[in-house]
Amino acid sequence: VVGKTEQEAKTALEDKGLKVNVSYAESTTNDGKVAKQSIEEGKEIDEGTSITITVNKVAQIKNANVVIKVKELVGEDEDAGNENEGEENKTGGNNTTTSANKTVTVSVTYSGKTETRTNISINQESIQIPISGKEGESTQVEVSIKDSKGALRYGSSQYLAFGTNDTLTFAR
């Protein structure tokens, strides 16, 4: 029955008087098709014998969003700005960098992948970074926020189960 759909295989085997057990194996192809059977094809067996068929199931990819409340997490901080802040410029005036042009880099790491967004204003309420994984997979999601000098301003992690949670929020 290898290559048949689960229902076709069950019907064919039950029509021969066999008891059918079904197991599932993750696959990237042939969704819903029988990949193997516990008793080789053509073998003589007694009626009522149990046979196990293994059916391919393609893992469903689920999407989730990681929401990072940037302004709440790093706020308007004196140290988050430009390294030239307060220095005298060539014309004799002061370089006054306001918090409006202070930026950070936000990184989200999960399942061996990293998504990075640069030049995010510290006044931005939040950013959303989409991630994806296999349905049912549980993964640790790590968020880091670094200032323009590369210093860590925020770091935290949470667990996400794809297909269960569709939004994970990092906030104070």
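Thresholds, definitions, all that
Residues numbered from 1 in each chain as written. Predicted model: local features only at pLDDT ≥ 70, side-chain atom pairs only at ≥ 80, totals over all residues. Heavy atoms only, no water. Pairing = 2+ DSSP bridges. Helix = DSSP H or I, 4+ residues; strand = E, 2+ residues; numbered from the N terminus. Axes fitted to C-alpha atoms, helices over the stretch in contact; angles between N-to-C directions. Buried < 20%, exposed > 50% of the residue type's maximum accessible area, 1.4 Å probe, protein only. Arc of directions from axis to C-beta. Contact = heavy atoms within 4.5 Å.

Asker: Go over the sheet that holds strand β7 (residues 127–134) with me, naming the residues and quoting the values.
Answerer: One open sheet accounts for 3 strands, arranged β7-β4-β10; its pairing is mixed. In the strand order of this sheet, the two ends are held by β7 and β10 (167–170), each with one partner. Taking each pair of neighbouring strands and ignoring which way they run, the sheet shows an average axis angle of 25 degrees. Note that strand β4 (residues 61–68) and β10 share 4 bridges and pair parallel. Bridging from a neighbouring strand, isoleucine 68 pairs with phenylalanine 170 of β10.

Asker: An account of helix α1 (residues 6–15) is needed here, citing residue identities and associated values.
Answerer: Glu6, Ala9 and Leu13 are the residues of α1 that are buried. The buried residues of α1 occupy an angular sector of 70 degrees when projected down its axis, which confines them to one face. Exposed positions of α1 whose direction lies more than 90 degrees from the buried face are Gln7 and Asp15. Contact partners of the buried residues in α1: β1 (19–27), β2 (34–37) and β3 (50–58).

By themselves, these figures tell us nothing about what the structure is for.
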